[in-house]
Amino acid sequence: MIISWNTTNQCNMFCRHCYRDAGVKASKELTTGEGKLLLDEIAKAGFKIMIFSGGEPLMRSDIYELIEHSRKLSLRPVLGSNGVLITKKIAQKLKDSGVMRIGISLDSIKRRKHDMLRGYPGAWDKAVRGMKYCREVQLPFQIHTTVMDWNQHEVLDIADFAVETGAVAHHIFFLVPAGRAKNIEEESLRARQYEDLLVKLMEKQREVKIEIKPVCAPQFICIAKEMGMDLRFGRGCLAGIAYCIISPEGKVQPCAYLDIEAGNVRKTPFSEIWSGSKVFKKLRTCEYKGGCGTCRYQKICGGCRARAAFYNDGDYMAEDPWCIYQERRGV
């Protein structure tokens, strides 16, 4: 089980696609003490992988203390960062605090395109420099790419770049309209583009030794299965089933892109929210509507629940509109 905590809304960038609408620090973010209690509850609930995210988590002064606390609880701490603040000293400090892996964002092979998306001149160079420092201190890192219509043809090149730079994985996030990304919905891939890229990514996985993982594109599980591939992933969409996210102010929701509150850790212990939330219980039924409800891959795919909600007036149990499996099968 995996969980993500947006430790702060503060960020040194203003990315066009940010689901958190990050930038300025939120007025009532969880304190260090509240954060440690939250981590205690996360361990109690049975989670194993603890993602410290943001905003930019490196802008939170107590981030190392929180990471160290998670390690004491036998959680596996990983960090999601834009990478530009990573110096060699910070990379070493992250490793010493117990970080097992860090994800660094890179959305284009071309500097100008990445910098424009991130709203930060020099973002590309500094992110790649951060990767270099991680490699020097032997802190495993992976590259995170958000894919849209304008960079879809660069994704395989970025995967090659990940191999060349020593990354251990390349995770490709398919744009879901949430937060500021609602303003660029037209840039998200449509069904045919979506599937074509998933097929190419699974073919790429056969060529490279590092992990290639599509995110917010649960159909990759079905495609890999039909291609005879044996991946380590047991299910596509984990929202509310084996994954959830916590906001800087303690709001719990099924995933980053599904803005439906399951509870707040300031009012209810997280372990109780995880086990008792009506939202989570409904998601765990897997009683989907439309094509997702009748699909043979219902149990291992699940469709993107956030995308289903966005395009179906908030109904997160509706079918995922960007899946062409049944059309392809003539169902």
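The structure displayed is predicted, hence computed values, not measured ones.

Taken as a whole, this structure holds 16 salt bridges when the rule is applied. In this structure, the salt-bridge partner of E136 is K88, at a minimum N-O distance of 3.5 Å. On the criterion of sequence distance, the pair formed by E136 in helix α5 (residues 123-136) and K88 in helix α3 (residues 88-97) is long-range, its members being 48 residues apart. Relative accessible area serves as the criterion here: at 38%, E136 is assigned to the partly exposed category. Through salt bridges with shared partners, a single ionic network connects K88, K132 and E136.

All right, on to unusual backbone geometry then. The omega torsion across G54 and G55 is 15°, close enough to zero to call that bond cis. As for its position among the elements, G55 is in the loop between β2 (49-53) and α2 (63-72). Positive phi, normally seen in glycine, also occurs at S74, with a value near 65°. Residue placement: S74 occurs in the loop between α2 and β3 (76-81). Judged by relative accessible area, S74 falls into the exposed class, the value being 63%. Here C216, not a glycine, exhibits a phi torsion of approximately 60°, which is positive. As for its position among the elements, C216 is in the loop between β7 (211-215) and α8 (220-226).

Turning our attention to the packing of aromatic side chains. Counted by the stated rule, this structure contains 11 aromatic pairs. Pairing W124 with F161 gives two aromatic rings, centres 5.9 Å apart and planes at 45°, and the pair type is tilted. Pair noted here: W124 is in helix α5 and F161 is in helix α6 (residues 155-165), with a separation of 37 residues, a long-range link. Take W124: its relative accessible area is 7%, and that puts it in the buried class. Centre to centre, the rings of Y311 and W322 are 5.1 Å apart; their planes meet at 50°, and the pair counts as tilted. Taken as a pair, Y311 in helix α12 (residues 305-311) and W322 in the loop between α12 and α13 (325-329) lie far apart in primary sequence, 11 residues in all. Taking relative accessible area as the criterion, Y311 reaches 26% and is therefore assigned partly exposed. Taken together through their ring pairs, the aromatic side chains of F47, F270, W274 and F280 make up a single cluster. Lying across the ring of F14, R180 places its NZ or CZ 3.6 Å from the centre. K282 extends its terminal NZ or CZ atom over the ring of Y316, reaching a point 5.4 Å from the ring centre.

Let us now look at the environment of G263. Along the chain, G263 falls in strand β10 (residues 263-264). G263 has contacts with G250, K251, V252 and I273, leaving out every residue within four places of it along the chain.

With that settled, consider the packing of α6 against helix α7 (residues 191-207). Their axes nearest at 10 Å, the elements α6 and α7 cross at an angle of 25°. Between α6 and α7, the angle falls in the class roughly parallel. Seen from above, α6 lies across α7 with right-handed handedness. Between α6 and α7, the contacting residues are V155, L156, A159 and D160 on the first element and L197, K200, L201 and K204 on the second. A breakdown of the residues in the contact of α6 with α7 according to their chemical character gives 5 nonpolar, no polar and 3 charged.

This brings us to the nonpolar core. General note: in soluble globular proteins, nonpolar side chains tend to be found buried as a group. Formed by 92 residues in total, the largest nonpolar core has its most connected members in I42, F52, L94, I102, F174, V252 and F270. Counting residues in each nonpolar core, the second largest holds 8 residues, with C18, A22, V84 and A123 among its members.

As a further point, take the sheet that holds β3. The mixed open sheet is built from 10 strands, whose spatial order is β7-β6-β5-β4-β3-β2-β1-β8-β9-β10. At either margin of the open sheet sits one strand with a lone partner, and together these are β7 and β10. Pairing geometry for strand β5 (residues 141-147) and strand β6 (residues 169-174), over 6 bridges, is parallel. Looking at the pairing, H144 lines up with H171 of β6.

With that settled, the discussion passes to the side chain of S188. Among the structural elements, S188 can be located in the loop between β6 and α7. Within the local environment of S188, its side chain forms a polar contact with the backbone oxygen of E185, the two atoms lying 2.7 Å apart. Side-chain polar atoms of S188 contact the side chain of R190, separated by 2.7 Å.

The next subject is the side chain of K204. Its location among the elements puts K204 in helix α7. Classification of K204 as buried rests on a relative accessible area of 9%. Those residues in contact with K204, other than ones at most four positions away along the chain, are L156, A159 and D160.

Reading the values: rules and limits
Residues numbered from 1 in each chain as written. Predicted model: local features only at pLDDT ≥ 70, side-chain atom pairs only at ≥ 80, totals over all residues. Heavy atoms only, no water. Salt bridge = Lys/Arg side-chain N within 4 Å of Asp/Glu carboxyl O. Helix = DSSP H or I, 4+ residues; strand = E, 2+ residues; numbered from the N terminus. Buried < 20%, exposed > 50% of the residue type's maximum accessible area, 1.4 Å probe, protein only. Phe/Tyr/Trp six-rings, centres within 6.5 Å; stacked < 30°, edge-to-face > 60°. Lys NZ or Arg CZ within 6 Å of the ring centre and 35° of its normal. Contact = heavy atoms within 4.5 Å. Axes fitted to C-alpha atoms, helices over the stretch in contact; angles between N-to-C directions. Parallel < 35°, antiparallel > 145°, perpendicular 65-115°, else oblique. Left-handed = near helix turned anticlockwise from the far one by under 90°. Nonpolar A, V, L, I, M, F, W, Y, C, P; charged D, E, K, R; others polar. Core = buried A, V, L, I, M, F, W, Y, C linked by side-chain atoms within 4.5 Å. Pairing = 2+ DSSP bridges. Polar contact = N/O pair within 3.5 Å; in protein donor to acceptor, adjacent residues only side chain to side chain.

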